[in-house]
Structure formats: structure tokens, C-alpha cells
Amino acid sequence: MSSDKVAIRIRGVSHQFGEEGDARYVRALRDTTLDVARGELLCLIGPSGCGKSTLLNVVGGLMTPTAGSVEVAGKRVAGPMPRDIAFVFQENALFPWNTVFENVNLGMVFQGVPRAEREARAQRSLEAVGLKDFAQHYPGQLSGGMRQRAALARALSLETGILLMDEPFGALDEQTRMILGEDLSVLLARADKTIVFVTHSLGEATFLADRVAVFSARPGTIKEIIKIDEPHPRKPDFVTSAKFTAIRNELYALLHDEIRKTMAESSVGPTP
Amino acid sequence: MTAASAWRRALRRPWVARIAVVVLLLGLWEVAARWWVDPMFLSPPSHVFASLPAVFDTRGVPAALRITFWELAVAFALSVAIGLSIGLAVGLQPFARKSFMPIILLLYGTPQVTILPLFILYFGIGPASKIAFGVSHGFFPIVMTIVAGVQNIKPILLTSARAMGASRWQTLRYVVFPHMIPSFFAGMRLAMTGVLLGVLLAELYVSTAGIGYFTTLFTQNFDPTRLLGLISVLAAMAIVLNEIVRRAEVHFGRWHTD
Amino acid sequence: MRRSGNERRGRLASRAVQATFLIALVALWYLATTRWRVSPLLLPNPVAVLRDFWDILKTGEFLGDLHVTLTELAAAFAIAASCGVVVGYLISRSQYRIRVFEPLFAGIYSVPIILFLPLYVLFFGLGPASKIALGATIGFFPIALNTVAGFGYVDRVLVVAARSMGASDVQLFRYVLLPAALPIILTGMRMGFTVALLSIIGSETIASLAGLGHRIVHLAEGMEMAPMFAYIAFVVAIAAILNVLVSMLEARGRRP
């Protein structure tokens, strides 16, 4: 692919925690190479501890890999790139002492957006996620789903080309996940963002992704990439279609052994 | 409705029962002081209350109360200033924290009351020693709570700020400091308790113009009425001061959900 | 992720800083009294303090005062513990009583009770009785409050499970309530002990004829700086030892 069409270039990324012989030594990621196309939604899916979150952190510049490199917007990633990359984490990363609006605003303060623009951008992104009426609430007053909407609004207001989402709906119940997934699909059809989305859920990956990268057990590397040819925004009835089921089954087949393998050797070591 | 059942209904609310308990105790005290105990040793609350004006009329008492209050205020302000400086210096730098916190904790654990005579020797018998002793009790909780407040930040918040491009100064200003505020106010509440203890201990030990002088005077003259009166006033002062910091803590810790 | 070698180095460095700090302090002290001519009436020579400390231990002159202080402490703690646990248990039996008394106790405890020392001295005199009474009063509150917390907030699920298996009142107390409440009560006792010790030393300092606190005051009034420092060190050491012992007992009692 020409450089214009590639948003993220991942080359031979490996990562380990600690040194060999240490009690806490973990080989999280093994020789991962991948191109993420501009404007696509790529899902990373795999068993626990396979390194998908590690890869996301490496891509976003929060971690320096022990081997390999990542290129974003023509530059080599050497640290956080707030103008090009925004994060949505699984854990609640909103500042509890600020209102939703203040949280969204603060992200732009960090990035360096001029004051005159901030209010407009904040309003736009809050409206896009459906939280316009809750701008003056504190995160503690909101449900889990609404908090993640707020986190998404904060990320959107930064108007980056790339959005990295690490199991953003992981802590939510199934029904909230479903709704948020549908809303995300609608939102993304409008915006022109490159998204890398880590998830555990087969259904979520199938519903949202243009491509799904399936990881092997730890030390993880990409086992296979599945392409999903279905335009965004995806309708709720896509979920009940035969195409969906087929893809989901394929993912299941790919993952099942890896999951079993991971469970078998579970116990010692942190899950990156 | 009979009086008895109305009474029982009212008692069902805890705060009413609490007042009833206090009233009961005061009643017992009244009875004991009037009929059982030698008036040289104990005075009934009615007398104490009635003689409060006399306490204030005693030459030097109002001034002594003012001095003591001033000692408390200065000691508290100094505790906050010193505690904040040390707390931030130690808390923000992990290496400083690992090196100095054990020393601070060790000092905090020693019974400071043993060196009270030393404080008097060094700072004299005037207000300075009371303030100094108050500060030495008051600044520790502030240091500890600030260090804890800085340490307790969820790493995800710092990661998130870093990912959004926050500079070190921005992280301090928008993440670390706001996070620290509830701890700071909790520390101030504890500091007030410490300052009260320190200043009052020093006053009771030796005092020429503070309330300690008068407690000694009333004790030696076997004047339980005025002694109780004075102590009640001081206790009231302590309760009010404690309540002020407690309310401040509740107000400023609003977002603290855990 | 930090490597373990790095961690070890970091810890050594902190220890080094602490050691340097303490050594520098002692060195300054020594220099101040020998080279810099600070008056011995202000700061005694550390060597003299060490010598006096050793003398005190050797001759056993501390025994009299230590005996007074420890008996006061023992008596005060015994009273505080027994009253505290009994009262705490009785209060914990009903939610209503908890709601009435717990805030009351917490409120009283928030006032510096040492304030009432002159009253106790007036009533009990300058002898051990006033120290015991004050120590017992102050020590009572953390014990009572923790006992209320311990018994009052036992997980309902455990009680229901035991009852469903047919436990009697006595069995419930012995096998469910007491083990569940014990760790919290023991913590309260440790706190009560510490606070009683502090209040006893404090009241001995302020108004007493005997005891370790009084000894320090006596030496201060006589401007005998070196022995005073030695006794201060001694009292701090005793307090530390007692606190460690009590903490160990608490930990022992908490282990299931």
C-alpha cells in the first residue's frame, strides 16, 4: 500500500517485561508486523495476555518496544503523539473532580487547542456521543456506559486521525455494550478516523471491524487476519444475518485453541 | 396520645435519644455533686453554668482565652504551611519519599510528650513554646496525607494525561493537585486535633498568661466550679474548631466517591 | 517495567540517604557541643548523655519511676479494656443503640480529653489515681468504638448461615460473632493502649509526684540536661518496645 493509504505501520514489534531469569519475566508480544489502512476499523482479538493491549500501548507511544518499530503519519513513534493519536481506555480515565465538560475541555488544554475553539469542539463531541444534557455532571454521578461515552467524547474532541481503544466496553454489561457498539458504528460512519480496537468479544469484533487480527496465545503474534466486507454504519440486523454468524464462527474456530492453551498455562505472570 | 407514647415516638429518632442521654448524664452529675460528693471536689452543672459569667469576670481569663485561641490559630497555620511544603517536597519525588518517609514515620511514632519540658526550655514559658509544640503535633498528619494523596493517584489518570500530551507542569496542576485536595483537607482535620493537643498540653504544663495558668489556679484553690466552667469553654472551643475543619473537609471532598 | 536489579539499587540508595542523614545529625550534635561551644545548659554533650544512659541502666535507678508508670498503665488499660469491651458489646446489640451512642462517643473522643486533667487532679490528687483515671477515660473510647464496630458490623450472611444450621445464642457468639469481631477489637485495644500510655506520660509530666514523666520534668527543672536527655531516650525506647509488643500481640490475635 502507498504511504498515503497506510495510517499505521507496525514492523517486527516484540516486547518483553523484565529480563530472562527474573521472577516477573514475561514475553508479551512476538514479532508483530501489520499495516493499518487509513479510515479502517481494525480489531485486535485474542486470549488473555496475548499482548494486544501491549501492542496498542506501543502503537500509541506509551511504551517503547524491546524490538521493532511503529510509524504513524510518516514519523516514527517515540512517545505519545497527542495530535495524531487519542486513547480510550477500559478503566475509567476521567478525572473524578471535573465535570464531563471540564474533562473534555482538559484534553484539549493538554493537546494545545486554542481557547476559542475548545467550547465548540466540546459541544460537538458531547452531542455526537449523546451526552449533551450531562455536561455538568461529575463522572461519579454517571453510569458506566455514560462514563465511557464521555471518555469517547474527550478522545473525539481531540480530532486526531487515529483512535486507539483498549476494550472500552469491557467493564460494561452486555446490553450497554450492544447499544454503545451500534452508536459507535454510526458515529464512525460519519467521521473519517482510523481505529484500532482491542476486544475480547467475538460479537463485538464481528459487528464493528473492517478487519479482525486474531492473536495467538502468549507470546502473542498475529495468527490470521479476517476481512469483513460490510459497509458502515452497520445495521442491528447485521447481527442476525448468516454472514455475521459465519464470520463469528470462523473467529471462534481460530481462537478456541489459543484460549485453551492460555488457560492451561495460566497462573504466574502479569497480564499485560 | 399519652405523654409516655409521644415520648417513646420521639425517642425513636437517634438524635433525640442522644440528647436524652446527655441530659440524663447531666442530671446524674447534678445529683451526685449536690448530695454525694464533697463540694470541694465536684460542682453541679447548674452551679457551673450559673457561674460562667464569674469565670469570665476573673481578671485575666478573657485575655488568656484570646491568647490560647491565637496560639491555636498560629500553630495551625504554621502546621499547614510546613506540612504542605514538606509533604509536596517528599511526595512528588519518589526517591525523596522512599528516603525520608521512614524517618518521618519514626519521628511521628515517638511520644512527643516526653520532650515537652525540652520545648519549654528552648522556647520559653510564653506563647512561643505552646505554638511550637502545637506545630510539632500538627504538621505530621498533613505531610502524611499529602504524600498518601499523591501516591494514591490511579496510574490510569496519569497515563491518560500523558497520552493527551500533558506537560509535567500541566500534569501537576490538573491531575496531581486536584486529586490531592481531599487528602489535604483530611490532613487538616487531623492537624487541628494535633494542634489542639499540643497547645493544650503545653498550656497545662506551664503557663503565665494562658489558660493553663488559670486551670492551675482554680485547681490549687479547690474551685471546681470555675475550673469546670473554664474547661467547658475550652472544650466548646475545641469542638467548634474541629467542626469547622470537618465541614471544610466534607465540602471540598465532594468528588471523592471512594 | 523496572528490572529487579534497578529496584535493589534504588532501595540501597534510599537506605544510604537515611543513614547519611542520621549520621550527619549525630555529627552535628557532637560538633555543636564540643567545637561550637553551644552551652551545655542548652544541649548536652552526646557522650555525656550516652554515659548517663548507661549509668541509669546499670544502677537501675529507673526502676522506681518505671514501676509507677507501668502500674498506672496496667491499671488504666485494664479498666479501659474491660469497660470498653462490655459497653461496646452492649451497644452493638441493636442498630438503634449504635446510632445513638456511636456518634456520641466519637464526638466526645474528638475533644482533647487531656483538658480534663486538672479536674482529675482536683478530684483524685497528684498521686497515681488521677493518672489511672485519665488514662482509663481516654483509653476507653477507641476500645469501645472498635468493639461496637467489630460486633455491630458482622456480615449478616454469616449470622444467617449459622442460625440456619441451628446455632444457639451462645454458640453464635462464640463461633461467629467473637471471631469476626476480634481483629477489630484487638486493633482498638492497641490504639487504647497507645493512647493510654501517652496520656499517662503526659499527665505525669504536667502534674505528678512520681513516674517517668515526672522524672524528666524534675531533671528539666534542675537543668540537668544530660540525664534528662538520657531519660527521654529511655522513655522513648520503653514506649517503642511496649508498642512493638502490643502490635505483635494484635497480629497474633488476628491470625485465624
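Residues numbered from 1 in each chain as written. Chains lettered and ligands numbered in written order. Predicted model: local features only at pLDDT ≥ 70, side-chain atom pairs only at ≥ 80, totals over all residues.

1. Examining the overall build of chain A
Along its length, chain A carries 7 helices and 10 strands. The C-alpha atoms of chain A give 18 Å as radius of gyration, which agrees with the globular expectation for 272 residues (19 Å, within 12%). Counting only C-alpha atoms, chain A reaches 50 × 45 × 40 Å along its principal axes. Here chain A, with 272 residues, has 44% of them falling under the buried criterion. Excluding contacts between residues fewer than 6 apart, the proportion of contacts in chain A whose partners are at least 24 apart in sequence is 72%. (Helix = DSSP H or I, 4+ residues; strand = E, 2+ residues; numbered from the N terminus. Rg over C-alpha atoms; globule rule 2.2 N^0.38 Å. Buried ≥ 20, exposed ≤ 12 C-beta atoms within 10 Å, placed from the backbone. Contact = placed C-beta atoms within 7 Å.)

2. Notes on the overall build of chain B
A tally of helices and strands in chain B yields 12 helices and 0 strands. Against the 2.2 N^0.38 benchmark of 18 Å for 258 residues, chain B shows a C-alpha radius of gyration of 24 Å, more extended than a compact globule. Oriented by its inertia axes, the alpha-carbon framework of chain B measures out at about 75 × 65 × 30 Å. Evaluated residue by residue, chain B yields a buried proportion of 42% over its 258 residues. Excluding contacts between residues fewer than 6 apart, the proportion of contacts in chain B whose partners are at least 24 apart in sequence is 76%.

3. Some remarks on the sheet that holds strand β10 (residues 222–227) of chain A
Where strands meet in a sheet, backbone hydrogen bonds hold them as pairs that are either parallel or antiparallel. Residue and element names in this part refer to chain A. Taking strand neighbours across the sheet as the criterion, the 6 strands line up as β6-β7-β8-β3-β9-β10 in an open arrangement whose pairing is mixed. The open sheet has two edge strands with one neighbour each: β6 (85–88) and β10. Pairs of neighbouring strands in the sheet enclose a mean axial angle of 15°, with direction left out of account. In this structure, strand β3 (residues 41–45) lies alongside strand β9 (residues 211–215), joined through 4 bridges in parallel fashion. (Pairing = 2+ DSSP bridges. Axes fitted to C-alpha atoms, helices over the stretch in contact; angles between N-to-C directions.)

4. Quick word on the domain arrangement of chain A
All names here are of chain A. Along its sequence, chain A is carved into domain 1 (6–84 + 162–264) and domain 2 (94–159). With 10 residues of domain 1 at the interface, the matching set in domain 2 holds 8 residues. Residue composition of the side of domain 1 that touches domain 2, by class: 8 nonpolar, 1 polar and 1 charged. (Domains from an automatic or database assignment. Nonpolar A, V, L, I, M, F, W, Y, C, P; charged D, E, K, R; others polar.)

5. What to know about the nonpolar core
Counting 116 residues, the largest nonpolar core has B:Leu116, B:Leu201, C:Leu117, C:Ala196 and C:Ile216 as the members making the most contacts within it. Core analysis: the second largest hydrophobic core is formed by 79 residues, A:Phe89, A:Leu131, A:Val196 and A:Leu208 among them. (Core = buried A, V, L, I, M, F, W, Y, C linked by C-beta atoms within 7 Å.)

6. Describing the sheet that holds strand β1 (residues 6–17) of chain A
Residues and elements named next belong to chain A. Taken in spatial order, the 4 strands make up an open sheet running β2-β1-β4-β5, and their pairing is antiparallel. Where the open sheet ends on each side, the last strands, each with one partner, are β2 (26–37) and β5 (75–76). Direction of pairing for β1 relative to β2: antiparallel, over a ladder of 8 bridges. Note that in β2 the partner of Val6 across the bridge is Ala37. Contacts from helix α1 (residues 52–59) reach β1, β2 and β4 (67–72) within the one sheet, and its direction differs from that of β1 by about 120°.

7. Notes on the confidence of the model for chain B
Residues and elements named next belong to chain B. Confidence in the prediction for chain B averages 90 pLDDT; 98% of positions are at 70 or higher. Ranking the elements of chain B by mean pLDDT puts helix α1 (residues 3–11) last, at 78, and helix α8 (residues 127–151) first, at 95. On the interface metric, ipTM, the complex scores 0.87, and its pTM is 0.84. (pLDDT = per-residue confidence, 0-100.)

8. Regarding the environment of C:Arg37
Position of C:Arg37 among the secondary structure elements: in the loop between α1 (4–34) and α2 (46–59). Distance from C:Arg37 to C:Arg255, taken between C-alpha atoms, is 54 Å for residues 218 residues apart in sequence.

9. Some words on helix α7 (residues 242–264) of chain A
All names here are of chain A. Taking 1.5 Å of rise per residue, the 23 residues of α7 would be expected to cover 33 Å, and the 33 Å separating its terminal C-alpha atoms lies within 8% of that figure. Taking the largest bend as the criterion, α7 deviates by roughly 35°, centred on Leu255. Close packing links the buried residues of α7 with β3, α6 (202–208), β9 and β10. (Expected span 1.5 Å × (residues − 1). Bend = angle between axes of the 7 residues up to and from the residue.)

10. Topic: the domain arrangement of chain B
Annotation of chain B at the domain level lists domain 1 (3–36) and domain 2 (52–252). Computed from C-alpha coordinates alone, the two centres of domain 1 of chain B and domain 2 of chain B are separated by 35 Å.

11. Some remarks on the pairing of strand β7 (residues 162–166) of chain A
All names here are of chain A. With 5 of 5 residues buried, β7 lies mostly within the body of the structure. Both faces of β7 are covered, namely the face carrying Ile162, Leu164 and Asp166 and the face carrying Leu163 and Met165. Note that β6 and β7 share 4 bridges and pair parallel. Residue Phe87 lies in a different strand from β7, and its bridge partner there is Leu164. Sheet topology places β7 next to strand β8 (residues 194–199); 5 bridges connect them, and they run parallel.

12. A few points about unusual backbone geometry
Residues and elements named next belong to chain A. Going from Arg218 to Pro219, the amide bond is cis rather than trans, its omega being -5°. Residue placement: Pro219 occurs in the loop between β9 and β10. Omega for the bond connecting His232 with Pro233 falls within 30 degrees of zero, at 0°, which places this linkage in the cis form. Phi at Ala73 is positive, roughly 50°, even though this residue is not glycine. Along the chain, the position of Ala73 falls in the loop between β4 and β5. Since 15 C-beta atoms lie within 10 Å of it, Ala73 is described here as partly exposed.

13. Structural notes on the interface of chain B and chain C
Each partner contributes to the interface: chain B provides 38 residues, whereas chain C provides 33 residues. Of all the elements in the fold, those that place two or more residues in the side of chain B that touches chain C are α2 (14–36), α6 (94–109), α7 (116–123), α10 (168–205), α11 (211–220) and α12 (224–252) of chain B. If you tally residues by element for the side of chain B that touches chain C, the top one is α12(B), at 9 residues. Among the residues making up the side of chain B that touches chain C, the classes are represented as 29 nonpolar, 7 polar and 2 charged.

14. Let's talk about α1(A)
Residue and element names in this part refer to chain A. Counting buried residues in α1 gives 8 out of 8 residues, a clear majority hidden from the surface. All buried positions along α1 are accounted for by Lys52, Ser53, Thr54, Leu55, Leu56, Asn57, Val58 and Val59. Where α1 ends, the next residue or the one after it, Gly61, has phi of about 80°, a positive value.

15. Some details on the pairing of β4(A)
Residue and element names in this part refer to chain A. In the sheet, β1 pairs with β4 via 5 bridges, with the strands oriented antiparallel. Paired with Arg9 across the strands is Glu71, a residue of β4. Two elements, β4 and β5, share 2 bridges in a ladder whose sense is antiparallel. Bridge pairing in β5 places Val72 opposite Lys75. In textbook terms, the turn of a hairpin is the stretch between consecutive antiparallel strands, and for β4 and β5 this stretch comprises 2 residues, one of which, Ala73, has a positive phi near 50°.

16. Some words on the packing of helix α5 (residues 61–91) of chain B against α8(B)
Packed helices, taken two at a time, are described by the angle their axes make and the gap between the axes. All names here are of chain B. Across the interface, α5 lies against α8 with an axial gap of 6 Å and an inter-helix angle of 35°. In terms of crossing hand, the pair formed by α5 and α8 is right-handed. Taken together, the residues of the contact of α5 with α8 break down into 21 nonpolar, 7 polar and 2 charged. (Left-handed = near helix turned anticlockwise from the far one by under 90°.)

17. So, the packing of α8(B) against α10(B)
Residues and elements named next belong to chain B. With their axes 7 Å apart at the nearest point, α8 and α10 run at an angle of 155° to one another. Compared by their axis directions, α8 and α10 come out roughly antiparallel. Between α8 and α10 lies a crossing of right-handed hand. Across the contact of α8 with α10, the residue classes tally to 21 nonpolar, 12 polar and 2 charged. (Parallel < 35°, antiparallel > 145°, perpendicular 65-115°, else oblique.)

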